Structure formats: structure tokens, C-alpha cells
There are 2 protein chains.
Amino acid sequence: MKIKKLILNMAMEAKKAAKTVATLSTDIKNGALLNMSQGLIENSQVIKRENAKDLKEAKKKGLSPAMIDRLSITDSTIKGMADGLIEVAQLPDPVGTIIKMWKRPNGLLVGRMRIPLGVIGMIYEARPNVTVDAAGLCLKSGNSIILRGGSEAIHSNRILAHILQEALKDKGIPTSAIQVVPITEREVVGELLALDEYIDVIIPRGGEGLIRFVAENSKIPVLKHFKGVCHVYVDKTADLKMAEKICLNAKVQRPGVCNAMETLLVHREIAETFLKPMWESFKKVGVELRGCSKTRKILPNIKKATKQDWYEEYLDLILAVRVVKDINEAILHISQYGSSHTDAIVTSDYDRALKFLKEVDSSVVLVNASTRFNDGNQLGLGAEIGISTSKLHAFGPMGLEELTSTKFVVFGNGQIRK
Amino acid sequence: MKIKKLILNMAMEAKKAAKTVATLSTDIKNGALLNMSQGLIENSQVIKRENAKDLKEAKKKGLSPAMIDRLSITDSTIKGMADGLIEVAQLPDPVGTIIKMWKRPNGLLVGRMRIPLGVIGMIYEARPNVTVDAAGLCLKSGNSIILRGGSEAIHSNRILAHILQEALKDKGIPTSAIQVVPITEREVVGELLALDEYIDVIIPRGGEGLIRFVAENSKIPVLKHFKGVCHVYVDKTADLKMAEKICLNAKVQRPGVCNAMETLLVHREIAETFLKPMWESFKKVGVELRGCSKTRKILPNIKKATKQDWYEEYLDLILAVRVVKDINEAILHISQYGSSHTDAIVTSDYDRALKFLKEVDSSVVLVNASTRFNDGNQLGLGAEIGISTSKLHAFGPMGLEELTSTKFVVFGNGQIRK
């Protein structure tokens, strides 16, 4: 009951603050973002001290070294967060922009003006930098945010929120525009997901389990980010040197993230010529291959891929490989086993490049480039708050514009409807 | 169990058809739309015969004359539906359009391409013309649709679906792209709302009860259209003749629809000069006024407005009237009692016009024009499938573009991530 009341209260305050934040000038918002950035640098010692409490707890609980790595805040993490806020301040303010305007036969001028969504609820796991990144993006786009981070990061998140709120105060912005849930009880999430009267959208970030739980239990619309089973299809007309470079980058540049390649599809006519040197390159950096029967005729020493492998998001130095008959079989494979995240073709054929772009139903579809480019920053949106793999509202990386909606504004001079 | 299976099967078929419909050429889609239009005209007799069964049933059940009026299909209704399909054929095809394109420093060309949403579930009440309008819009935007109309219209909807499907067949389009649920059992809706694996978005149209039920029970994202408590604010600088014309139009041109004015807000300095002749005009056409205490000092014979009146969507020749201190009080009133639907200001002051446009948080905000313009056709979107009063995905009238999403398409020449 106490938790219910706490969360309800936070949500109501966030809604109230949203009305103010929606009408702030760009200058005030940018000033607050720079304040926030400076606050982080000035309070480095306190942040690291609080983070140490989380780390101590994490080690006691026996969390994995990878988890502990993601949890830990160093001077360079703090610099990264502070620089991120400065970058967001430099991005154009979407709020109030009229993105399109046209004239009706009766003389009405009709435009679509960007407006904030309202209150964003963010539910995420270990990385405390998400707290700062998300808060910055929501402020710039005129939204309030309620942040519910992982319990492992509670001390870090609380101090970060405190620093951000101090920066808001200094600019006269209500502090409830950026709130971190200060408690770790599990029922908090359920309480948040029921408050559709106050929270306008939920953005979960984390493992598949968390996202499914949120999607299934939310009364509030959810911008989902499910797994990334990303493909590269190497066409028979591909420049094979380029294909090798792209595949290597897509698999190993950062294998633990959602836009890394998980399955390689190769046209049968160039399979042998391509796969043999490719396999040598992969071996050098420790990538394990799992192949279909045709792949294993070319590379007899690799493991056999089962049907399950086609669905797998390894997030590791493992790659499934399948030899396909043609581009149609490649597209069919992607539609059957893919996750609508990121898929690329390497080809020098014009028609097949366009066919792949048109027919592959994923949030980012690339020709002759690495899947690793599915990222708000890389695609030119500025910082991103997440990647949506469902089509409603936003599909693909979500930047500032995706945190807004549009309303119609109409300029008349006495028009009435006939 | 039989119903569950029927609905599941329809949804699976719709999903399958969606893949085909998504890639149809504009010519094929337009051809099918024209076929559908012709099919309606050619089958007028059959349609009216089936509609007569619904009407007979409706009269037996004692439905209101208004309901029966909305249910009945005449030659002119058929002509209207047929013409509507021709208009949709003439609208530009959004699918495949690249709405924006830019170049990254590394040479990547990044664009956003419109794509269909997938499968639309439409849940609506009596008017059978929605069946045809929605089917046409969904086909043109490359989506499949499952239509669940009111039980009163079941014979009409079944024959309409049959005619539309025949038109699809003729163009080689899978008939499951347009399906009407052929049974009237109540549990159908619940079954539909659970199939988030196959249906991508639900659009309910009808009374507030239906929409709340759908919103609360759906596992699928819902594009909601709640009630329209629309305001006109007459500023002290308004051209009072213009204000009178606009208010009359907004209230009486079609009082039963969601974009009709329900509350009139008047600046106190011009309240007396404006309200006295306005009241004479309203009286002539039978509008009943309910006023705040200040209004009733000017018009002592009208009823008193209670707080409940400010929330009311009368959909009738009744109007609440309140005298306000200034534009701030007007905006506050709208934010407190309005429904984010449609609000207008009548003013000749530049600053106040812009202030109202910026600060009123509604899907359509107008200066010096009637609220009745909140309509896809009137605003230049072409036909509309509904009006969204929540901000996610679409806010305001939804036309063809609102039935699409965008994916990122990336043209590279070997770029990899550094």
C-alpha cells in the first residue's frame, strides 16, 4: 500500500511537471542540460562512492564479471555521460517545429506541429548511464520521465537523479520532471504499468524476459525492443572482399549487442569461394561457426546448425551460416527466423539491392554496409533512447523526434464547414 | 472453442495475406479499389435485400430511429461508399515512399521508407459504410484488415465483405486481406484482442463504452478515439460577426458528431456584446444554453451549468457557456475539462493566436475556424479511418499515412563501424 502510494504520487507529480516541461524554451532546456553535465563532473567523487556501494553488493551477490563491468562507473563513464548531455543540448529541439504545412482550397493553412508525448516510464537493467542518457533526451523533447533502474544500481541511480534534479532546480524547472524510483521492491514495476492515466508510454530496456514481462503486463502503450537476430546476405554478385570486411565487422566489432550479425546467408554459387577465406578470418578472432549441411560440405570441421540456431541471438562469438539458393530463399529465411531488427545484403546487382530493401521487413535494412549501423547516433538521429522492433509509433532507433507526437495547427480567417 | 478457432484462423490468414498485400503495386491496388466500387453499384439490389434483414431485426428489437437511420443502406449510401473507394484509389500510395533522406559523414545514404503496419483489427458499431471505407483505406496502405461490426449490421456487413472479396479475387489478391467476422457472438471481441501475435493494431470506433472496453482488454496496441469535448474561445479582440458564424457552425452544422462544439468560452470584456445576439441566433435553431453564473447575469433565462456540464459531450443541441477572465483561464479550462480533441480560438490578436496554438494540447487546434474541420478529408489527408485522441503513433485524424510506419533504408558502399 505504501509502495502503491509512492508510485502513484511520483506519476502524478510527473504528469504535473510534464505540462511545464512541454512549454519550456529551448534555451532553458539546453541550459539545464549543460548544468546537468557540469553537475556530474563536479560530483564525480560522490558518484563513484555511491557506485562503490552497488559494486560491493554486486560482488557479494556473486554477479557475473560482465554484469559488474556494466554496473561500474569510472571517471571515463562519467565523462561519457557528461559529454552525452552536451551533445543532446546541441541537437535541434523538436518541440514546436512545424514539420509540414499545406493550404486547403478554402484558404485554411494546415500544419503539423511536434509536441511532447507527456510522461515516459523507463524500465531498465544494470547500466546506470541509461539514467542520465534517458533523462537528457526526455528533457530536451519536453517530456517528464520516471526511471526504474535495476536494484543492483540503486545507489548509483539515486545519486545521479539527485545531481540531475539539482541542475533542474537551478533553471527553475520542476524536479519531478526527472525522477528515479528510490526503492527496489519488485512490485514497483507492476504499479507503474497500471498508471495509464498518468504515464503515456513505457520504454523497457534489458533482457528479453524483462521486455516480455512489461509488454504483457502493461496497461500503458509499450515501445518494445525485442531481440536482434540480424542477418547479412552475401549475394553471388557481391564484391567478396567487401563482404568479408562487412561480415567481420557485423560479427566481431561488438558481439554482445543487438545489432551484431547472428546468421550469415551465402548464395550457393559463391559459397565456396567466399566461405573458405571468411572462415580463416573468423578463426583468427575466435568466432565459432554453426553451419547448414551445404556449409559443412565446404567447411567440414564446423558444428552442425540445428533449426534452433536460426532463431538464436547468441550475443557472443558464435555465428550460424546457411547456404541459400538465391535472394528469394534469403528473404524467406529472414522473414521466417529473423526478428525485424537489422538485415543487410552485400551485392553489386542493382535490382537485387532494391528488392532486398523493399521486401525485407526490418527496422533497418542495409545494402553494402554493416548491421552495426543500426544505432541512433550512427544513422544521424543523435543519441537514442532505444530501438523499437514493433511498427507502431516508431520502428528502429528512437531519437528525440520519436519522443514526440504531432498535433494539427490550423490558421483560418473565418472558415466554416459547408 | 469453435469461436476461438474461427477467430485465430482468420487472424492467421490475415497475417499471411498481409505479406502479399504489403508488396502489391499501386496499379493493382487501385484496380482492386475500382473493382470494389463497381461491385457495390452492380450489387445494389442484393445489398439492400440483406440490409432489409438487418433493418427488420432492428425494428423488432426496438432500436431507436437514429440507430435505424445509421444502419440503413439506400442507393445514395451505396453511391457514397462506391465514390469513397474511387477517391481512395486517387490518393497517393504511401507505401514505399521515402519521406526523408540524408547523407552521413561516412558516405552512407540513410532514408526512411513508408511500410504498412500489417494487420488492422477494426471493431465498430452500427454504420455498415465503415466496413467499406476501412477496407479501402487498409488495402491502399498495404494492410490486411479484420472487421468486426455491430451485430445489428451482420447481414449487411457479410454481403459487403463478399462483394469486396470478389473484387480482390479478380486482381489475384488473397481474399483474406479483407475479412468480416461472420458471427455475432460477444466473445469474438475478447478473442480478437488477445491475438497480438497476428494483429498489429486495433482501431475501435463507436461509443465511449466500446472504446474503454477495447482499451482495457486489448493485448494489442489500440488507436483510441475517446470523446470530443470541443471548445471555442471567443477572445476580447475577436471579430464578433466572425465569432458568431464560427460558433453557430461548430455547434449546429452537425451536432451529433465528435468535432461539434460542446462548450463556449467567452472573454468577459466582450461577453455581453457577443452573447446577446449569439443567443438570439442559437434560439432560432433550437440550441439550449447552460451558463456559468456570469453568463446568466447576461442571459438570465438560461439554465445553470453544473460542474458536470464542463465535462459533457452532449452530441445534441445543447451548449455549455462560460465567461472567462482571459486567455489563460480559457486554456486552463480546456486543459482541465477538455478531451484533447479539437479546440478553437477566435481572435484578431497575433500573440494570443500563437499562444493558443502552442499551449492547447489537443489533436487539432484552430485559429478563426470552426471545430468541424477536424476531419481527415477537410484537413486534406483524404479519407480517414478514425481520429486518435492519444498521442502515440497518431494524434488527430488518421488517413493513409497513419496506417503506415517507416523503416530505415541504408545505401552503402562497404562502410563498416569503427
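The shown structure was predicted, so the numbers you read here are calculated from the model rather than taken from an experiment. (Residues numbered from 1 in each chain as written. Chains lettered and ligands numbered in written order. Predicted model: local features only at pLDDT ≥ 70, side-chain atom pairs only at ≥ 80, totals over all residues.)

### Examining the overall build of chain A
Here's step 1: Of the regular secondary structure elements, chain A holds 16 helices and 16 strands.
Here's step 2: On C-alpha atoms alone, chain A measures out to a radius of gyration of 24 Å, which is about the 22 Å that the 2.2 N^0.38 rule sets for 418 residues.
Here's step 3: Here chain A, with 418 residues, has 53% of them falling under the buried criterion.
Here's step 4: Looking at chain A alone, contacts between residues at least 24 apart form 71% of all its contacts between residues at least 6 apart. (Helix = DSSP H or I, 4+ residues; strand = E, 2+ residues; numbered from the N terminus. Rg over C-alpha atoms; globule rule 2.2 N^0.38 Å. Buried ≥ 20, exposed ≤ 12 C-beta atoms within 10 Å, placed from the backbone. Contact = placed C-beta atoms within 7 Å.)

### Thoughts on helix 7 (residues 154–170) of chain B
Residues and elements named next belong to chain B.
Here's step 1: Its 17 residues give helix 7 an end-to-end C-alpha distance of 25 Å, which sits within 8% of 24 Å, the value for a rise of 1.5 Å per residue.
Here's step 2: For helix 7, the set of buried residues is Ile154, Ser156, Asn157, Ile159, Leu160, Ala161, Ile163, Leu164, Gln165, Ala167 and Leu168.
Here's step 3: Buried-residue contacts for helix 7 involve helix 2 (26–42), helix 3 (44–61), helix 6 (129–140), strand 4 (144–148) and strand 5 (178–180). (Expected span 1.5 Å × (residues − 1).)

### Quick look at the packing of helix 3 (residues 44–61) of chain A against helix 7 (residues 154–170) of chain A
All names here are of chain A.
Here's step 1: Two numbers describe how helix 3 lies on helix 7: the axes approach to 7 Å, and their chain directions differ by 155 degrees. Classed by the angle they form, the pair helix 3 and helix 7 counts as roughly antiparallel. For the pair formed by helix 3 and helix 7, the contact residues are Val46, Ile47, Glu50, Asn51, Lys53 and Asp54 on the first element and Ile154, His155, Ser156, Ile159 and Leu160 on the second.
Here's step 2: Classifying every residue of the contact of helix 3 with helix 7 gives five nonpolar, three polar and three charged. (Axes fitted to C-alpha atoms, helices over the stretch in contact; angles between N-to-C directions. Parallel < 35°, antiparallel > 145°, perpendicular 65-115°, else oblique. Nonpolar A, V, L, I, M, F, W, Y, C, P; charged D, E, K, R; others polar.)

### Regarding the pairing of strand 4 of chain B
Residues and elements named next belong to chain B.
Here's step 1: With respect to burial, strand 4 is a largely interior element, five of its five residues being buried.
Here's step 2: Residue alternation in strand 4 divides its side chains into two sets, Ser144, Ile146 and Arg148 and Ile145 and Leu147, and both sets are buried.
Here's step 3: Taken together, strand 3 (residues 119–124), helix 6 and strand 4 form a β-α-β motif whose crossover is right-handed.
Here's step 4: The pairing of strand 4 with strand 5 spans three bridges and is parallel. Opposite Ile146, over in strand 5, you have Gln179 as the bridge partner.
Here's step 5: One crossover worth recording links strand 4 to the parallel strand 5 by way of helix 7, and it is right-handed. (Right-handed = clockwise from strand over helix to strand, strands pointing away. Pairing = 2+ DSSP bridges.)

### Description of the interface of chain A and chain B
Here's step 1: With 51 residues of chain A in contact, the opposing surface of chain B contributes 51 residues.
Here's step 2: Breaking the side of chain A that touches chain B down by element, the ones donating at least two residues are helix 10 (240–252), helix 15 (350–359), strand 13 (364–369), helix 16 (376–379) and strand 16 (404–415) of chain A.
Here's step 3: With eleven residues, strand 16 of chain A is the single largest residue contributor to the side of chain A that touches chain B.
Here's step 4: For the side of chain A that touches chain B, the residue count by class is 23 nonpolar, 19 polar and nine charged.

### As for the relation of the copies chain A and chain B
Here's step 1: Rotating chain A by 180 degrees about the axis while translating it 0.0 Å along that axis superimposes it on chain B, leaving an RMSD of 0.0 Å. With respect to symmetry, the two chain copies, as superposed, fit the operation of a two-fold axis. Nearest to the rotation axis, the C-alpha of His393 of chain A is located 1.8 Å from it, this being the minimum over chain A.
Here's step 2: Interface overlap between copies is the fraction of interface residues in one copy that are interface residues in the other; for chain A against chain B it reaches 100%, indicating a shared surface. (Least-squares fit on C-alpha atoms with pLDDT ≥ 70 in both.)

### Details of the environment of His333 of chain A
All names here are of chain A.
Here's step 1: Within the secondary structure layout, His333 lies in helix 14 (residues 327–337).
Here's step 2: Using a count of 17 C-beta atoms within 10 Å as the deciding quantity, one classes His333 as partly exposed.
Here's step 3: As a C-alpha pair, His333 and Ile145 span 188 residues in sequence and 39 Å in three-dimensional space.
Here's step 4: Discounting chain neighbours no more than four positions away, the residues touching His333 are Leu265, Arg322 and Val324.

### Considering the pairing of strand 12 (residues 342–346) of chain B
Residue and element names in this part refer to chain B.
Here's step 1: Most of strand 12 is tucked away, with five of its five residues classed as buried.
Here's step 2: When strand 7 (residues 230–234) meets strand 12, the two strands line up parallel, connected through four bridges. Bridge pairing in strand 12 places Tyr233 opposite Ile345.
Here's step 3: In terms of strand pairing, strand 12 meets strand 13 (residues 364–369) through four bridges, oriented parallel. Looking at strand 13, one finds that Ile345 is bridged to Val367.

### Points about the domain arrangement of chain A
Residue and element names in this part refer to chain A.
Here's step 1: We note that the domain assignment places domain 1 (2–226 + 394–410) and domain 2 (230–375) within chain A.
Here's step 2: Taking only C-alpha atoms, the centre of domain 1 and the centre of domain 2 are 35 Å apart.
Here's step 3: Taken together, the contacts link four residues of domain 1 with five residues of domain 2. (Domains from an automatic or database assignment.)

### Digging into the sheet that holds strand 10 (residues 303–304) of chain A
Here's step 1: Pairing is mixed across the open sheet formed by ten strands, whose spatial order is 10(A)-9(A)-11(A)-8(A)-7(A)-12(A)-13(A)-16(B)-2(B)-1(B). Both outer strands of the open sheet, strand 10 of chain A together with strand 1 (98–103) of chain B, are each paired with one neighbouring strand and no more.
Here's step 2: Sheet strands touched by helix 11 (residues 271–284) of chain A: strand 7 (230–234), strand 8 (261–267), strand 9 (288–291) and strand 11 (318–324) of chain A. Its angle to strand 8 of chain A, the strand with the most contacts, is close to 150 degrees.
Here's step 3: Taken strand by strand, helix 15 of chain A contacts strand 12 (342–346) and strand 13 of chain A together with strand 16 (404–415) of chain B, and its axis lies near 160 degrees from that of strand 13 of chain A.

### Quick notes on unusual backbone geometry
Here's step 1: For Leu315 of chain A, which is not glycine, the phi torsion reads 55 degrees and is therefore positive.
Here's step 2: Locating Leu315 of chain A in the fold gives a position in the loop between helix 13 (307–311) and strand 11.

### Structural notes on the sheet that holds strand 10 (residues 303–304) of chain B
Strand-to-strand pairing in sheets goes through backbone hydrogen bonds, with the strands running parallel or antiparallel.
Here's step 1: Taken together, ten strands build an open sheet; the order of strands is 1(A)-2(A)-16(A)-13(B)-12(B)-7(B)-8(B)-11(B)-9(B)-10(B) and the sheet is mixed. Strands at the two margins of the open sheet, each flanked by one partner only, are strand 1 (98–103) of chain A together with strand 10 of chain B.
Here's step 2: As judged from the five bridges shared by strand 7 of chain B and strand 8 (residues 261–267) of chain B, these two strands associate in the parallel manner. Of the residues in strand 8 of chain B, the one forming a bridge with Tyr233 of chain B is Leu265 of chain B.
Here's step 3: Helix 15 (residues 350–359) of chain B contacts strand 16 of chain A together with strand 12 and strand 13 of chain B of the sheet and is inclined by roughly 160 degrees relative to strand 13 of chain B.

### Considerations on helix 5 (residues 75–90) of chain B
Residue and element names in this part refer to chain B.
Here's step 1: Across its 16 residues, helix 5 extends 23 Å between first and last C-alpha, which sits within 8% of the 22 Å expected from 1.5 Å per residue.
Here's step 2: Every buried residue of helix 5 is accounted for by Thr77, Ile78, Met81, Gly84, Leu85, Val88 and Ala89. All buried residues of helix 5 lie within an arc of 145 degrees about the axis, which places them on one face of the element. The exposed set on the far side of helix 5, more than 90 degrees from its buried face, consists of Asp75, Ser76 and Gln90.
Here's step 3: Buried residues along helix 5 sit against helix 2, helix 3 and helix 6. (Arc of directions from axis to C-beta.)

### Topic: the environment of Ser335 of chain A
Residue and element names in this part refer to chain A.
Here's step 1: Residue placement: Ser335 occurs in helix 14.
Here's step 2: On the basis of neighbour count, Ser335 is assigned to the partly exposed category, with 15 C-beta atoms found within 10 Å.
Here's step 3: Separated by 96 residues in the primary sequence, Ser335 and Asp239 place their C-alpha atoms 25 Å from one another.

### Quick word on the environment of Thr406 of chain B
Here's step 1: By the element assignment, Thr406 of chain B lies in strand 16.
Here's step 2: On the neighbour-count criterion, Thr406 of chain B (21 C-beta atoms within 10 Å) is buried.
Here's step 3: With 388 residues separating them in the primary sequence, Thr406 of chain B and Ala18 of chain B have C-alpha atoms 16 Å apart.
Here's step 4: Once residues within four sequence positions are removed from consideration, Thr406 of chain B is found in contact with Phe395 of chain A together with Ile99, Arg112, Met113, Arg114 and Ile115 of chain B.

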